[in-house]
Amino acid sequence: KLQGHWSDFSEMFEDICNEDQYPYESRTGSFNQNSLTLCFHQNSVPLFFFPDVSWKVKANDRAYHQLPEFQKKVFLCFKKSRYSGNAIKTYKYNVLTFIPLNLFEQFKRAANLYFLALLILQVIPEISTLPWYTTLIPLVVVLGVTAIKDLVDDLARHRMDKEINNRKSEVLLNGRFQEAKWRDIQVGDVVRLKKNDFVPADILLLSSSNPNSLCYVETAELDGETNLKFKMGLRVTDERLQEERQLAEFDALIDCEEPNNRLDKFTGTMLWRRERYPLDLDNMLLRGCKVRNTEECHGLVIFAGADTKIMRNGGKTRFKRTKIDKLMNYMVYTIFVLLVLVAAGLAIGHTFWWEQIGSKAWYLFDGKDQDASYRGFLSFWGYLIVLNTMVPISLYVSVEIIRLGQSKFINWDLQMYFAEKDTPAKARTTTLNEQLGQIEYIFSDKTGTLTQNVMQFKKCTIAGRSYGNDRPPHHWNQYADRKFQFTDHALVSCVRSRKDKDAVEFFKLLSLCHTVMVEHKDGELVYQAASPDEGALVTAARNFGYVFLSRTQDSITIREADQEATYEMLALLDFNSDRKRMSIILRCPDGRVRLYCKGADTVIYERLSPNSRHKETTQAALDVFANETLRTLCLCYKDISDAEYNAWSRKHKEAQVTMVDRDAALDRVYEQIENNLMLIGATAIEDKLQDGVPETIAKLAKADIKIWVLTGDKKETAENIGYSCSLLTDDMQIHYGEDVNEKLRTRQENRRNEPLTQRPGRKKTAEPFFTTPGKNALIITGGWLNEILYEKKKKRRRLRLHRLGKRQIPSSPQDGQPMNDWEKEMRQIDFVDMACECEAVICCRVTPKQKANVVSLVKKYKKAVTLSIGDGANDVNMIKTADIGVGISGQEGMQAVMSSDYAFAQFRYLQRLLLVHGRWSYIRMCKFLRFFFFKNFAFTLVHFWYSFFSGYSSQVAYEDWFITLYNLFYSSLPVLLVGLLDQDVNDKLSLKFPKLYLPGQQGSLFNYKNFFISLFHGIFVSLIIFFIPYGAFLQTMGQDGEAPSDYQSFAVVTASSLIFTVNLQISLDTSYWTFVNCFAVLGSIAIYFGIMFDIHSAGIHVIFTSQFTFTGVASNALRQPYLWLTIILTVGISLLPVICIQFLHKTIWPSVGDKVQRNRRKYELELEEEERKRAPAFQRGRRSRRSAYAFSHSRGYADLIASGRSIRRRPPTRGGPQDSIREVPQTEAENI
């Protein structure tokens, strides 16, 4: 109604905010032509609120979303709707863009561009010294192979997108539900979902077949967790939108936040029939969730396709390249510079030579009227072509073949195959294998990655006596869960006899004090718990004969031994992260009022009665449980008189209806009743780790790899898992967010007090944050992370000032905020430095975006190679940000796997991936590159020495066909097999000695130092290969009286010497000999001689006269013993220095690998002995005690239970509009 009258409305807004005639205590608001925020208060109660929203969704009205006001500019005058369609696109190419885009990407690689430039030069006749096809064919092959690989990868993405986009769902169109593909769903559509359906978009839950619109969803695709979460529709939509006709008439307008990546937050309002209802995350079903235990539900599409939260969390697909790739690019630039300098020097030499000798020699006259400078210019380009083999194009083909082979070895590794779920390891990329041997930091998710997310009731203590040693039979209990594995005969006997009242109360408490929902399914009891912890406790009570059967909003029914008992529920005091406990007040069948409470030992012991017994023995038992890294809860009770309960109940009801700070008011009331408690005992639950996690982490730590855990779970849970998996140990000093913030603030103040001249740039040697000796660990929450890195406060402040139209005032040193971008950057550097000083870092309660930001900080400021590992959609951004992403497969959630570079089923396989495959891949690639550069320098630089004797005329020293085939047949196979198969030690020794991994982290096997060593080695060998035959050919006479000292015979001798030298040199560098390696070395030499005799034969010369000009040279030269002696001498002198240097290195300065190799047999025998004596289980222990409590990660179902909404029957008929209905905000759902 206000469109076109903005000026009138702005005046009205200011009148409302300023006039005294409106009796409101406070008015806050801001406005512009796009959004409005307005809130008035009266008697401290918000009267009405228009949130700052600009995303509008109209139900059942597709045309509404195409209105001009919802259009956005795409390019020039072209516009499209700001609402995304529901089709997703993860592929890079289509039919039209594949060739241009792929070629553009490939020519960003320096070597490809370099060879393209050479090809252009070779087409010019005046400077071409080699035929143009010698470069074109290899270039086309390289581009083609890479393009085919990229095409196959992209086709897989196309297939995945097509499969998802073509999934079917029921959509309300033209008044009835019709089957439609996901890609055709649009914002504003009403969809119907059935049991086990995936949610196609982010939808607002309207109604469901369950009572009161309750809908259970599984979020394995989002976060890897398989325990069910519940969602709930608004009461008004649940009661009015059940029939197809009612849904077709639904015309509500939704105002909500813009699309974002916050999985734990949603705010909006629904305007329907002149009433406005609040919306939050409880009402939303997110794309990627799966509907469970709900036969049917209806929802309204709010965000579709790329706007959904799961897609927003996906992050940008980044093109990942290894450090060696980047180094190779720089080395190509270096070689090109060397090439230009050498070619320029030889061109200058040709200029002077032509002036002084060439122009005066009548026999060199070529009929061209060209001066010396021009001839020198042409010679420069000629030498660029002749010497281009210093970086042969076959290098890149060979690298791709080696990487492909290494990827296959990972796929074929049976020791990384998880038979239980038939899941092999999978290398989903072929370009990052050697980077696996250089990892310095691992960022791991917790739930589903380190743990199985399976809670097991392990031990307990009742009235000072501990239980949990052997496995009892549960055949006496028909309700027992057969998967339950708690072990203790004594406790079973005690419970069955019912003589021990403490044991009876213990299990009665577990069966009554909880927020678990129950379903009767096919004669079986199925529990739906807000967290696996609660499910484990109720299951434990069930297996000991105290079976939770059903509940209503005011009663709980359990089976005690053989009889049912119903308890009246008077109040349910739910858990939250501040209280760390939950309580229930019940009226027992005998009329007594009793409070049962369970919670963390730290809060329970403060509230125990002085008369409570077994405090010390229970404390000792808690120490033992904590020592075994079990999650503990203390159980207690209190008998309450009717008068005391009635007085407290009045206060409780008052607190329940207060509108101001209700949670704090309830907590104060809860405190008044939760005191003078009597201790019963404690439970110990194991959050079951995946097999081999502690051993894997310990092994990786020995390899100097630092592991950071980034999780959305609460701090206590993450800390417990840290101890369980040996990431945290007794001797570590743990620092929390408060300490970290204080240390960083102190460092910042010290920096501000420094003279300005010292500020710019970073100090070379920063002082350590932890000066005391010993190990340190960091545990920090997402909130503290934002505080420390200045993320949230600064952003909110900037947005608030922007809305009010004010300029941001620069921060002062006193407000703790950064004064400029430099100071913010220094703060980030300080945080990264402090974290990297620690042995372990755990970040808890972090969002997917924060996970990615932490990875980015380490990559940015430490220049370290990072690996991220996770199993859920909340890990996708982190996986894409890290240098290498690993997805845990075998779970139902496959989002992480689809975005990863490597995938396998268990965390323990990570040690084999890095310490075996990664290390081998790195060593092989480094050895391959060092040798490849060497053999090409040795090959190419012979032309350089020859130029001094050929007038610098760009004449080649070898036959043309030898130049063409050298890298293709004569020297490629042995070095290729070293790159594929070589290993310094076997896989078992690689795992036994993690220190062997260190050279990869240090990059010591391939760097500029190694490059220049290869260069000088190549220069030395090329000198020997040229000058020894040259000296031997001076004044030589053959056996038949003819001189073999012609150019062609010289070319054959130098080429033969080179082939022998190169192939024997790779033999010296081979650590792991197989039949294939032996065959490759001897075969390459045999192929050389076979092809050479063929192309030097008279027959081929007759057919191709101009192409094959070395007729009979090989047979003539190689029948001279003198030349064979020359070849032997040349090869011997080339190899002798290398043999001496290797001997000295391995004898005097052996590396860790050399020492292991030398004693390999001894270590292998030790390993065999260890395997025979290996202990069956891994033992863990702690000396000191810590608080370790198990509980739901967020609030349970208490409010839902108390409201009765989930168990009240639906009215048989649907009445007409009920104008009096108001939606009351419901409980927080389980945060995703």
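Residues numbered from 1 in each chain as written. Predicted model: local features only at pLDDT ≥ 70, side-chain atom pairs only at ≥ 80, totals over all residues. Heavy atoms only, no water.

1. Some details on the overall build of the protein
- Along the backbone of the protein there are 41 helices and 38 strands.
- Buried positions account for 54% of the 1232 residues belonging to the protein.
- Considering only contacts within the protein whose residues lie at least 6 apart along the sequence, 73% involve residues at least 24 apart.
- Split by element, the accessible area of the protein, about 55,600 Å² in all, is 55% carbon and sulfur. (Helix = DSSP H or I, 4+ residues; strand = E, 2+ residues; numbered from the N terminus. Buried < 20%, exposed > 50% of the residue type's maximum accessible area, 1.4 Å probe, protein only. Contact = heavy atoms within 4.5 Å. Areas by Shrake-Rupley, 256 points an atom, 1.4 Å probe, with all protein chains shown as cover.)

2. Considerations on unusual backbone geometry
- Phi angles above zero are rare outside glycine, and R274 is one such case at about 65°.
- Along the chain, the position of R274 falls in the loop between β14 (267–272) and β15 (275–280).
- Residue N676 is not a glycine yet carries a positive backbone phi of 55°.
- Structurally, N676 can be placed in the loop between α18 (662–673) and β31 (678–689).

3. Observations regarding empty space enclosed by the protein
- According to the stated counting rule, one finds two cavities of 30 Å³ or more in the structure shown.
- The space that makes up the largest cavity amounts to roughly 90 Å³.
- Taken together, 13 residues line the largest cavity, and the ones lying closest to its centre are E959, F962, A1055, M1092 and H1096.
- Going through the elements one at a time, α29 (960–970), α34 (1047–1069) and α35 (1075–1095) are the ones with two or more residues in the lining of the largest cavity.
- Residue classes in the lining of the largest cavity are distributed as 11 nonpolar, one polar and one charged. (1 Å grid on protein atoms, 1.4 Å probe; cavity = no way out; pocket = protein on both sides within 12 Å on 5 of 7 lines; lining within 4 Å. Points joined across faces, edges and corners; volume = space filled by probe spheres on them. Nonpolar A, V, L, I, M, F, W, Y, C, P; charged D, E, K, R; others polar.)

4. So, the nonpolar core
- Core analysis: the biggest nonpolar cluster contains 98 residues, and L395, F928, L929, F962 and L1058 have the highest contact counts within it.
- Ranked by residues supplied to this core, first place goes to helix α28 (residues 909–947) with 17 residues.
- When residues are assigned to domains, this core turns out to be shared by domain 1 (99–166) and domain 3 (395–409 + 922–1149), each giving three or more.
- Every residue in contact with F962, bar those within four places of it in the chain, is listed here: F939, Y970, A1055, L1058, I1059 and Y1088. (Core = buried A, V, L, I, M, F, W, Y, C linked by side-chain atoms within 4.5 Å. Domains from an automatic or database assignment.)

5. Some words on the sheet that holds strand β19 (residues 426–427)
- With mixed pairing, nine strands are arranged side by side in an open sheet as β19-β38-β37-β36-β20-β32-β35-β34-β33. Across the chains shown, the open sheet's two edge strands, defined by having one partner strand only, are β19 and β33 (732–735).
- In terms of strand pairing, strand β37 (residues 884–888) meets strand β38 (residues 902–904) through three bridges, oriented parallel. Across the sheet, residue G887 finds its bridge partner in β38, namely A903.
- Contacts from α28 reach β20 (441–444), β36 (866–870), β37 and β38 within the one sheet, and its direction differs from that of β38 by about 140°. (Pairing = 2+ DSSP bridges. Axes fitted to C-alpha atoms, helices over the stretch in contact; angles between N-to-C directions.)

6. Overview of the pattern of salt bridges
- Counting across every chain of the model gives 43 salt bridges.
- Of the charged contacts, one joins E257 and K309 as a salt bridge, the two residues approaching to 3.4 Å between their closest N and O atoms. Of this pair, E257 sits in the loop between β13 (253–256) and β14 while K309 sits in helix α8 (residues 309–312), and the two are 52 residues apart along the sequence.
- One salt bridge in this structure joins E671 and R581, with 3.1 Å as the shortest N-O distance. Separated by 90 residues along the polypeptide, E671 in helix α18 and R581 in strand β28 (residues 581–587) bring together distant segments of the chain.
- The class for E671 is partly exposed, based on a relative accessible area of 35%.
- On the accessibility criterion, R581 (2% relative accessible area) is buried. (Salt bridge = Lys/Arg side-chain N within 4 Å of Asp/Glu carboxyl O.)

7. Concerning the sheet that holds β14
- The antiparallel open sheet is built from four strands, whose spatial order is β4-β13-β14-β15. Taken across any chain shown, the strands that pair with only one partner, and hence form the sheet edges, are β4 (55–58) and β15. With strand direction ignored, the average angle separating the axes of adjacent strands in the sheet is 20°.

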